[in-house]
Amino acid sequence: MNYKSHIETVLHYINMQIRCDWSLEPDGAYQDSICIDALSKVACLSKRNFQLVFKSIMKESPGQYVNRIRLEYGLQLLKEKRYTQKEIAERTGWTNDTAFYNAFRKRYWQSPTMYKLDKFASDTVWGKIGCSLLELAERPILFLLYQGCYTDCASECFEERSWERLYEYALSHDLLPETTEYWGICYDDREITVDEKCRFYAGLTVRHLPKLKVTDEIKTMLLPKSRYAVYVHKGAYDELDSFYDAILQQIPDGYLLGEDLILERYLNSVADTPETDLLTEVLLPVVEVHSN
């Protein structure tokens, strides 16, 4: 039996848990949410089978995978300068900032502060980039989960395996809304995560979420209602890394970067558009700063 869909259900669950704010939860809540008992139940597999199948597919044990992406998410927060090291440790479920510091040094052989200074360049080739503010209503989407280099997603072949498959499924199950929207969620930063381990969701808006089983390759989720600063990128997808670095330094006055997912919405397709004319909306979640 092919258990890939079972494991992808668990990967989505882990992605959601990692991004929760654990600083407001009781001690031990994070560990309870990602322990083997919890993960195997999500996968609908026995604990033994879950661990064997997970490592066979992911080439990491569940514990290794969770700790890696938790540290990498902490690094993203450090790069974005949103929180102190202590706040990052609390938000990502470490017992204290010393535990985060020790885990970080064990993996990267540096302190978080030194890693940040050595690895994250502040220079950018982009000038001032305009944006608009958008109140995005909650969106139900179908998605397919991929792991690999983000540049592989910029091909007509990838579109056939992802968004076209989602479209055909939605069409055949009467799920298409009046306006078709194609979404992407890039969970990882290529300055932090190696290319072959980058996580990507290819998503399509639908009218409502269908009932799917853990064995279904297609998954569902809700894009939350949120306020976004929307930046439009024109050009090849492989230029998006530097574009992100630039716009993260250009949050609109009176706003801070929010907690919700950063989204991409694709306004045209590599199937019928030259690379130089590709249009991608990048939606950064923002929250208004209220003065006392």
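Residues numbered from 1 in each chain as written. Predicted model: local features only at pLDDT ≥ 70, side-chain atom pairs only at ≥ 80, totals over all residues. Heavy atoms only, no water.

A. A look at unusual backbone geometry. Phi at Lys-59 is positive, roughly 65 degrees, even though this residue is not glycine. You can see Lys-59 is positioned in the loop between helix H4 (47-58) and helix H5 (62-79). Judged by its relative accessible area of 63%, Lys-59 falls in the exposed class. In the Ramachandran plot, Asp-174 falls in the positive-phi region, its phi being about 55 degrees despite a non-glycine side chain. Structurally, Asp-174 is set in the loop between helix H10 (163-172) and strand E3 (182-186). Residue Asp-174 is classed as exposed on the basis of its relative accessible area, which comes to 56%. (Helix = DSSP H or I, 4+ residues; strand = E, 2+ residues; numbered from the N terminus. Buried < 20%, exposed > 50% of the residue type's maximum accessible area, 1.4 Å probe, protein only.)

B. Structural view of the pattern of salt bridges. This structure, assessed with the given rule, holds 23 salt bridges. For the salt bridge of Glu-288 with Arg-227, the shortest nitrogen-to-oxygen distance reads 3.4 Å. Here Glu-288 is found in strand E9 (residues 279-288), whereas its partner Arg-227 is found in strand E6 (residues 226-234), with 61 residues between them in sequence. Judged by its relative accessible area of 42%, Glu-288 falls in the partly exposed class. The network of salt bridges with common partners includes Glu-60, Arg-68, Glu-72, Arg-107 and Lys-197. (Salt bridge = Lys/Arg side-chain N within 4 Å of Asp/Glu carboxyl O.)

C. Looking closely at helix H11 (residues 240-247). Turning to H11, its buried residues number three or more, namely Leu-240, Phe-243, Tyr-244, Ala-246 and Ile-247. The buried residues of H11 occupy one face: seen down the axis, they fall within an arc of 165 degrees. Buried residues along H11 sit in contact with E6, strand E8 (263-266) and E9. (Arc of directions from axis to C-beta. Contact = heavy atoms within 4.5 Å.)

D. Broad picture of the packing of aromatic side chains. Scanning the model with the defined rule gives 15 aromatic pairs in all. Ring plane angle 80 degrees and centroid distance 5.5 Å describe the contact between Trp-22 and Tyr-30, whose orientation is recorded as edge-to-face. Per residue, the accessibility class of Trp-22 equals that of Tyr-30, and both read buried. Members of the aromatic cluster, joined through ring pairs, are Tyr-146, Tyr-150, Phe-158, Trp-163, Phe-200, Tyr-237 and Tyr-266. Note that Arg-70 overlies the ring of Trp-94, its terminal NZ or CZ placed 3.5 Å from the centroid. (Phe/Tyr/Trp six-rings, centres within 6.5 Å; stacked < 30°, edge-to-face > 60°. Lys NZ or Arg CZ within 6 Å of the ring centre and 35° of its normal.)

E. Representation of the environment of Ile-218 within the structure. When you line up the elements, Ile-218 lands in the loop between strand E4 (199-205) and strand E5 (219-223). A residue is classified by how much of its surface remains accessible, and Ile-218, at 11% relative accessible area, is buried. Each C-alpha atom, one on Ile-218 and one on Gln-64, is 25 Å from the other, the two residues being 154 residues apart in sequence. Not counting residues within four places of it along the chain, the set of residues in contact with Ile-218 comprises Leu-142, Phe-143, Leu-144, Leu-166, Tyr-169 and Leu-212.

Shape is all these values report; function is a separate question.
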